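Residue-level structure breakdown
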Amino acid sequence: MPFDIVKNEKVINTYTIYMYGVISDEQYYEDDITPVMVKNALSEAGNAEFLDIYVNSPGGSVFAGHAIYNILKRHPALVRISVDGIAASAMSVVLQAGDERVIAPNGIVMIHNPMGVIWDYSYSKDIRKYADDLDKVQGTIENTYLEKVNIERDKLIELMDAETYMNAQEAIDMGFVDSLTGENVSIQNKNGELVINSLKIDKRKYSNIYKNSVKFKPFEPAPVVVDYSDIESVIAENNITLLESEIIHNGLSRNY
C-alpha cells in the first residue's frame, strides 16, 4: 500500500533499506545482516521521517534479530516493513517492528521454536539447563509476536511447535502482517487526526522536502514528481489538510 506524504508538492524524507540475507551477530558473508549494519544505516539516514524496509531472509541469530527489532522500534520515523520473499524465524520477529507490515501476494512468513547446539560432552543437568534457557528465549519471542498478532498464546505455541509456514493471507488473518503490498490506500480523518491505513500521521512533523534511498549507505536526494489527480477527491471527502499544505497520494495504481 504505497503512499507519499507531501508538502508543497515535495515528498517527505524517506529512506529505503533492503534486508536480504541471514541475520547474524557479526558479518561473515556478504549478505549477512547485523545489528551494527542496521544501526549504521539508520545513522546515515539522518532525519528520515519514513523508513521503507524490504526483507527476504531465512532468519538467523535470535539475539541479533531482537537487537534489530529494538533498533527499529526506537527510531522516530514511521516504519513500513515489506516481505518480498520470506520472513522466516528471526526475521519474522524483526517484521513485527513495523508500524505497517505488508507482504507480497507470494510472500511467506515462517515461525518456529528457537534452536541451539551443545558443542561438547555434557551432563544431563547441563542439557536440562540448556533446554530451560531455550524455553526462556522462546518466551521472549512469543511476547514480541503477541504485541501484534491476533491469536492467543496457546495457539501461537502450537504454531511455533509445528514450524509453521504461512502464505500471505494466512499471515494477514493471524496478524503477523497487516495487508498485501499494493492494496488501495485508506485515508481518514478520525477525530481530527489524519490516519492512513491504520497509521496516525503527525501533521506537524512531516515537512521535509526530498526523498532519499539507502541500502546500508546514503544516496543523494532525488526530486519526486507528484500526481495530484488521483487523490484530490478523497482529500475533499475527508476534509483533510496538512497545515498549509495537502497530503497527496501518487501511488494508487502502482505496486512495489
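Report on the accompanying structure. Note that the structure is predicted; figures quoted are calculated from it, not measured. (Residues numbered from 1 in each chain as written. Predicted model: local features only at pLDDT ≥ 70, side-chain atom pairs only at ≥ 80, totals over all residues. Heavy atoms only, no water.)

With respect to the packing of aromatic side chains
Operational definition: Whether two aromatic rings pair depends on their centres lying within 6.5 Å, for rings of Phe, Tyr and Trp, where Trp uses its six-membered ring; planes under 30 degrees apart make the pair stacked, over 60 edge-to-face, and the rest tilted. Secondary structure elements follow DSSP: runs of H or I of four or more residues count as helices, runs of E of two or more count as strands, with numbering from the N terminus. Here's how the labels work: a residue is buried when its accessible area is under 20% of the maximum for its type, exposed when over 50%, partly exposed in between, all with a 1.4 Å probe on protein chains only.
Throughout the structure, instances matching the rule amount to three aromatic pairs. Measuring from centroid to centroid gives 5.4 Å for tyrosine 145 and phenylalanine 176, while their planes differ by 75°, and the two rings are edge-to-face. You can see tyrosine 145 sitting in helix H4 (residues 124-146) and its partner phenylalanine 176 sitting in the loop between helix H6 (168-174) and strand S9 (179-180), a full 31 residues away along the chain. The two residues tyrosine 145 and phenylalanine 176 agree in class, both being buried.

Side note on helix H5 (residues 153-161)
The criterion, for reference: The arc in question is the one spanned by the directions pointing from the helix axis to the C-beta atoms. Any two residues having at least one pair of non-hydrogen atoms within 4.5 Å are treated as being in contact.
Restricting attention to buried positions, one finds in H5 the residues Leu156, Leu159 and Met160. For H5, the arc enclosing every buried residue in end-on projection is 100°, short of the 170-degree limit, so these residues lie on one face. The exposed set on the far side of H5, more than 90 degrees from its buried face, consists of Asp154 and Asp161. Here the buried face of H5 lies against strand S7 (108-111), H4, strand S8 (164-167) and H6. At the C-terminal side of H5, glutamate 163 shows a positive phi close to 50°.

A closer look at the pairing of S7
Keep this limit in mind: Paired strands, in this sense, are two strands between which DSSP finds at least two bridges.
As defined by bridge partners, strand S5 (residues 78-88) adjoins S7 across three bridges and the pair is classed as parallel. Bridge pairing links alanine 87 to valine 109 in S7. Sheet topology places S7 next to S8; four bridges connect them, and they run antiparallel. The residue of S8 that forms the bridge with isoleucine 108 is asparagine 167.

Quick word on the environment of tyrosine 145
Residue class for tyrosine 145 comes out buried when judged on its relative accessible area of 1%. Tyrosine 145 sits 53 residues away from serine 92 along the chain, and the two C-alpha atoms are 8.7 Å apart. Beyond its immediate sequence surroundings of up to four residues, tyrosine 145 is in contact with Ser89, Ser92, Val93, Gln96, Ile111, Leu156, Met160 and Phe176.

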